[in-house]
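Each chain is listed here by its residues.
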Amino acid sequence: KYQVAQEMKYKRPESILLIVYSSESQVLMLRRKEPNDFWQSVTGSLEWDEEPHATVRRELNEETGLTAYDSIVDCKHSNTFDIYDMWRNKYAPGTTQNQEHVFKLYIPTPEKIIIDDREHAEYQWMHRVEAAKIATSHTNRQAIFQWVPTS
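This text gives an overview of the structure that appears in the document. (Residues numbered from 1 in each chain as written. Predicted model: local features only at pLDDT ≥ 70, side-chain atom pairs only at ≥ 80, totals over all residues. Heavy atoms only, no water.)

## Digging into the overall build of the protein
This is how the line gets drawn: Note on conventions: DSSP H or I runs of at least 4 residues are helices, E runs of at least 2 residues are strands, and numbering of each starts at the N terminus. Computation of the radius of gyration draws on C-alpha atoms, with the globule rule given as 2.2 Å multiplied by the number of residues to the power 0.38. Relative accessibility thresholds used throughout: buried, under 20% of the residue-type maximum; exposed, over 50%; partly exposed, between the two (1.4 Å probe, protein chains only). Between two residues, a contact is recorded if the distance between any of their heavy atoms is within 4.5 Å. For every accessible area listed, the method is Shrake-Rupley and the probe measures 1.4 Å; residues are considered covered only by the protein chains on display. The charged-residue count follows a simple rule in which Lys and Arg add positive charge and Asp and Glu add negative charge, with His and chain termini not counted at all. Working definition for charges: the position is that of NZ of Lys, CZ of Arg, CG of Asp or CD of Glu.
Across its full length, the protein carries four helices and seven strands. Counting helices and strands in the order they occur from the N terminus, the protein gives α-β-β-β-β-α-β-β-β-α-α. In summary, the protein has a C-alpha radius of gyration of 15 Å against a globular reference of 15 Å for 151 residues, a match within 12%. Projecting the C-alpha coordinates of the protein onto the three principal axes gives extents of approximately 50 × 30 × 30 Å. Buried positions account for 45% of the 151 residues belonging to the protein. Sequence-distant contacts, at least 24 apart, represent 69% of the contacts inside the protein between residues at least 6 apart. Summed over all atoms, the accessible surface of the protein reaches about 8300 Å², with 49% contributed by carbon and sulfur. With 18 positive and 23 negative side-chain charges, the protein shows a separation of 2 Å between the mean positions of the two kinds.

See below:
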């Protein structure tokens with residue numbers, strides 16, 4: 001019980017990355033409030049009692065207001081990356097890496113998004129090349145090129 005209680009006060013070092021894109025290869029990108037130059041796709045950490053499929057649904061709704069759950073595709077791919085120094089204090093001492101599960105969601109045309117303004121300052125739909133250029137995370141950039149088809 002003590003171990004579980006100890007883990008619960010830290011973020012789980014496992015997350016999802018969801019690439020949302022349209023028929024014209026337009027990718028949804030979100031700009032974080034802090035740091036304010038950090039652009040990303042839909043992302044989020046798994047809760048301690050959560051599976052990746054549940055997390056991706058929760059994060060999609062929290063970060064965008066979208067509920068197209070049936071169309072989410074598990075890319076059956078994951079990345080392991082070093083946690084940025086600015087966020088290491090949210091994880092248990094000694095935790096330096098995160099495992100990220102990649103998903104994608106195709107929607108025919110870009111939709112109006114309702115962002116969670118506690119976390120994000122703005123969103124933009126942009127062509128996959130431009131989205132990849134502004135993506136702060138290298139795994140986000142790779143996922144855009146790997147999973148979003150060219151139009």
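## Let's talk about the packing of aromatic side chains
Operational definition: Pairing of aromatic rings covers Phe, Tyr and Trp, the last counted by its six-membered ring, and requires centre-to-centre distances within 6.5 Å; plane angles under 30 degrees mean stacked, over 60 mean edge-to-face, and any other angle means tilted.
Going through the model one piece at a time under the given rule, you end up with four aromatic pairs. A ring pair is formed by Y21 and Y106, whose centres lie 5.7 Å apart and whose planes are at 55 degrees; its orientation type is tilted. With Y21 in strand β1 (residues 14-21) and Y106 in strand β6 (residues 97-106), the pair connects residues that are 85 residues apart, well separated along the chain. With 5.2 Å between their ring centres and 75 degrees between their planes, F38 and W87 make a pair best called edge-to-face. Taken together, the residues F38 in the loop between β2 (26-32) and β3 (39-40) and W87 in the loop between β5 (72-82) and β6 connect sequence positions 49 residues apart. An aromatic cluster is defined as three or more aromatic residues linked by ring pairs; in this entry it consists of F38, Y84 and W87.

## Looking at the nonpolar core
We apply this condition: Definition of nonpolar core: a set of buried residues of the types Ala, Val, Leu, Ile, Met, Phe, Trp, Tyr and Cys, connected through side-chain atoms within 4.5 Å.
L18, V20, L60, I72 and L105 are the most contacted members of the largest nonpolar core, which totals 16 residues. At the level of elements, β1, β2, α2 (52-64) and β6 are the ones that each hand at least two residues to this core. Considering each element in turn, this core owes the most residues, three residues, to β1. L60 has contacts with L18, V20, V42, G65, L66, A68, Y69, I72 and L105, leaving out every residue within four places of it along the chain. The next biggest cluster of nonpolar side chains, apart from the first, holds 15 residues, and it includes I19, V27, I144 and V148.

## Comments concerning the pattern of salt bridges
What counts is decided by this rule: Salt bridge, as used here: a side-chain nitrogen of Lys or Arg that lies within 4 Å of a carboxyl oxygen of Asp or Glu.
Following the criterion strictly, the structure yields 11 salt bridges and no others. D116 is the salt-bridge partner of R118, the closest N and O atoms lying 3.0 Å from each other. A relative accessible area of 13% means that D116 is categorised as buried.

## Focus: the environment of L30
Within the secondary structure layout, L30 lies in strand β2. Taking the relative accessible area as the measure of exposure, L30 reaches 0% and is therefore buried. It is 9.7 Å that separates the C-alpha atoms of L30 and T43, two residues lying 13 residues apart in sequence. What L30 contacts, discounting residues up to four positions off in sequence, is F38, W39, Q40, S41, V42, E63, I115, H120, E122 and Y123.

## Details of helix α4 (residues 138-147)
Stated formally: When we speak of the arc, we mean the arc of directions from the helix axis to the C-beta atoms.
Within α4, the full set of buried residues consists of T139, N140, A143 and I144. Along the long axis of α4, the arc covered by the buried residues comes to 140 degrees, so they all point the same way. In this structure, the buried side of α4 is in contact with β1, β2, β3, β5, β6 and α3 (128-134).

Don't take any of this as a statement about function, it's just geometry.
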